[in-house]
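Architecture and fold: a report
What follows is each chain in one-letter form.
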Amino acid sequence: MSSDARPDGGDVNLDPAVGPGAPGIFFIICAPSGGGKGTLIRRVLKSVPGLAYSVSWTTRPPRPGETDGVSYYFTTEQDFEQRRDRGEFLEWAVVHGNLYGSSRAVVEKELAAGRDIVLEIDVQGAAAVRQLMGEAVGVMILPPSFEALRDRLLARRTEATGTLALRLSNARGEVARYTEFDYLVLNDEVDRAAKQLAAIVYAERARRARQEWLARRVLATFPEAPPDV
Ligand code: 5GP
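Residues numbered from 1 in each chain as written. Predicted model: local features only at pLDDT ≥ 70, side-chain atom pairs only at ≥ 80, totals over all residues. Heavy atoms only, no water.

1. Section: empty space enclosed by the protein
The criterion, for reference: Within this scheme a cavity is a closed region of a 1 Å grid, computed over the protein atoms alone, that accommodates a 1.4 Å probe without allowing it to escape, whereas a pocket is open but has protein on both sides within 12 Å along at least five of seven lines; lining residues each have an atom within 4 Å of a point. Grid points are joined across faces, edges and corners, and a volume is the space filled by probe spheres set on the points. The way it works is that DSSP assigns letters per residue, a run of H or I at least four long becomes a helix, a run of E at least two long becomes a strand, and they are numbered from the N terminus. Side-chain classes are defined by residue name, with Ala, Val, Leu, Ile, Met, Phe, Trp, Tyr, Cys and Pro counting as nonpolar, Asp, Glu, Lys and Arg as charged, and the others, Gly among them, as polar.
In this structure the tally under the stated criterion is one cavity of 30 Å³ or more. Computed from the structure, the largest cavity encloses a volume of approximately 40 Å³. Lining the largest cavity are Phe27, Ile29, Val44, Leu51, Val118, Val139, Leu197, Ile200 and Val201. Per-element tally for the lining of the largest cavity: the top contributor is helix 7 (residues 190-205), with three residues. Tallied by class, residues from the lining of the largest cavity come to nine nonpolar, no polar and no charged.

Next up, the structure:
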């Protein structure tokens, strides 16, 4: 196994470290709108090797600065519905009045190649994925408070007044579903929260069930009979 140079100068082994032929780990990340998960996820994708991101499809119009194929695949309702009917989505949901869905092909391809993948989806999508794939690891990003969330959404200036109110009124119900997640990360300070999120990825990779192949390989180097020393 190799040890890459880390941005923070540490020397922990960074290999995705699942066994040969083992599927990747499926991370689902949820946060209420304005929770800052986009920035966090970008940081973690940059700092953690071997982590892929599934770009979702949506009927929401692009915001300034968003690029088709990078932020989302932006499409029409008609196209989305055709894709949905062809079974192209692993899950899909109506969120804040728009359609969103995750590409089944991308997720299946990455996991089969043994790469870990991050899906940034809403709480309905997360529940659907957990039904489908019990092994998924769920992380909820929590804003420090309702005020902090509102201030962040207002400062972002991306939403029309009606959409902003809708997003804020949906936020409580989203946060209240924290019990459905394996990990909770408070996004009070982006550097700290990004480190915590990266730590979750490393911890999941180190789970015994995923490292048994390694233990067996190490064990095989030990002689069964007492060694002559
Ligand atoms: P936004 O419009 O702010 O980018 O996203 C709105 C909500 O839709 C967020 O909660 C985001 O996580 C969610 N979302 C984005 N992509 C998907 C997806 O593929 N499926 C589901 N169910 N939700 C998604």
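Structure's up, so let's keep going.
2. Thoughts on a nonpolar patch on the surface
Put simply, the rule is: Grouping into patches uses exposed residues only, defined as over 30% relative accessible area, and leaves out salt-bridged ones; the cut-off is 9 Å for like charges and 5 Å for nonpolar side chains (Val, Leu, Ile, Met, Phe, Trp, Tyr). The protein chains shown are the only cover counted for residues, whose accessible areas, like all others here, come from Shrake-Rupley with a 1.4 Å probe. The working definition used for a salt bridge is a side-chain nitrogen of Lys or Arg within 4 Å of a carboxyl oxygen of Asp or Glu.
Nonpolar side chains collect at one region of the surface, where Val218, Leu219 and Phe222 lie side by side and expose about 320 Å² of accessible area between them. Along the chain, Leu219 falls in helix 8 (residues 208-219).

3. What about the pairing of strand 8 (residues 137-142)?
Under the convention used in this document: Exposure is judged per residue with a 1.4 Å probe applied to protein chains only, and the accessible area is read against the type maximum: over 50% gives exposed, under 20% gives buried, and values in between give partly exposed. Pairing between two strands requires that DSSP report at least two bridges joining them.
Within strand 8, six of the six residues are buried, which leaves the element mostly enclosed by the surrounding structure. Alternating positions in strand 8 separate into two faces, Val137, Val139 and Ile141 on one and Gly138, Met140 and Leu142 on the other, with burial throughout. Two strands pair when backbone bridges link them, and strand 1 (residues 26-30) and strand 8 are joined in this way by four bridges, in the parallel orientation. What sits directly across from Cys30, in strand 8, is Met140. With four bridges joining them, strand 8 and strand 9 (residues 183-186) adopt parallel strand pairing. Along strand 9, the bridge assignment pairs Val139 with Tyr183.

4. What to know about the sheet that holds strand 9
Note the cut-off: Between N-to-C directions, angles span 0 to 180 degrees; the directions come from axes that are lines fitted to C-alpha atoms, helices contributing only their stretch in contact.
One open sheet accounts for five strands, arranged 2-7-1-8-9; its pairing is parallel. Either end of the sheet is taken by a strand with one partner, and the two such strands are strand 2 (51-53) and strand 9. Each neighbouring strand pair of the sheet contributes to a mean axis angle of 25°, computed without reference to strand direction.

5. Some points on the packing of helix 5 (residues 146-156) against helix 6 (residues 161-175)
Going by this rule: Angular relationships are summarised with four words: roughly parallel below 35 degrees, roughly antiparallel beyond 145, roughly perpendicular across 65 to 115, and oblique for the angles in between. Handedness of a crossing is defined here by the sense of rotation of the near helix relative to the far one, left-handed for an anticlockwise turn of less than a right angle and right-handed for a clockwise turn. Contacts are assigned to residue pairs that have any heavy atoms within 4.5 Å of one another.
Closest axis-to-axis distance for the helix 5/helix 6 pair is 11 Å, and the angle between their directions is 155°. In this view, helix 5 runs roughly antiparallel relative to helix 6, as classed from their interaxial angle. Seen from above, helix 5 lies across helix 6 with right-handed handedness. Where helix 5 approaches helix 6, its residues Phe146, Leu149, Arg150, Leu153, Leu154 and Arg156 are matched on the opposing element by Leu164, Arg167, Leu168 and Ala171. Within the contact of helix 5 with helix 6, the residues separate by chemical class into seven nonpolar, no polar and three charged.

6. A closer look at the environment of Arg86
Our working rule: We call two N or O atoms a polar contact when they sit within 3.5 Å, provided that within protein one can donate a hydrogen and the other can accept it, with sequence-adjacent residues counted only if both atoms are side-chain atoms.
Inspection of the secondary structure assignment puts Arg86 in the loop between helix 2 (77-85) and strand 5 (89-95). Within the structure, the side chain of Arg86 is placed 2.8 Å from the side chain of Glu88, a separation counted as a polar contact.

7. A look at the nonpolar core
To be explicit about the condition: In this description, a nonpolar core means a group of buried Ala, Val, Leu, Ile, Met, Phe, Trp, Tyr and Cys residues linked to one another through side-chain atoms lying within 4.5 Å.
Counting 20 residues, the largest nonpolar core has Phe27, Ile29, Leu51, Val139, Ile141 and Leu197 as the members making the most contacts within it. Looking at this core, the elements that each hand over two or more residues are strand 1, helix 1 (37-47), strand 8 and helix 7. Excluding its chain neighbours within four sequence positions, the residues that come into contact with Ile141 are Ile29, Cys30, Ala31, Pro32, Gly35, Lys37, Leu40, Val185, Asn187 and Leu197. If you look at the next biggest cluster of nonpolar residues, it comprises 17 residues, including Ile28, Cys30, Leu111 and Phe181.

8. Let's talk about the pattern of salt bridges
Across all of its chains, the model carries 16 salt bridges by this definition. The partner of Arg84 in a salt bridge is Asp85, and the shortest N-O contact between them spans 3.3 Å. With a relative accessible area of 25%, Arg84 lands in the partly exposed category. The closest approach of N and O atoms between Arg207 and Glu204, which form a salt bridge, is 3.0 Å. The class of Glu204 is buried, set by a relative accessible area of 4%. The network of salt bridges with shared partners includes Asp79, Arg83, Arg86 and Glu88.

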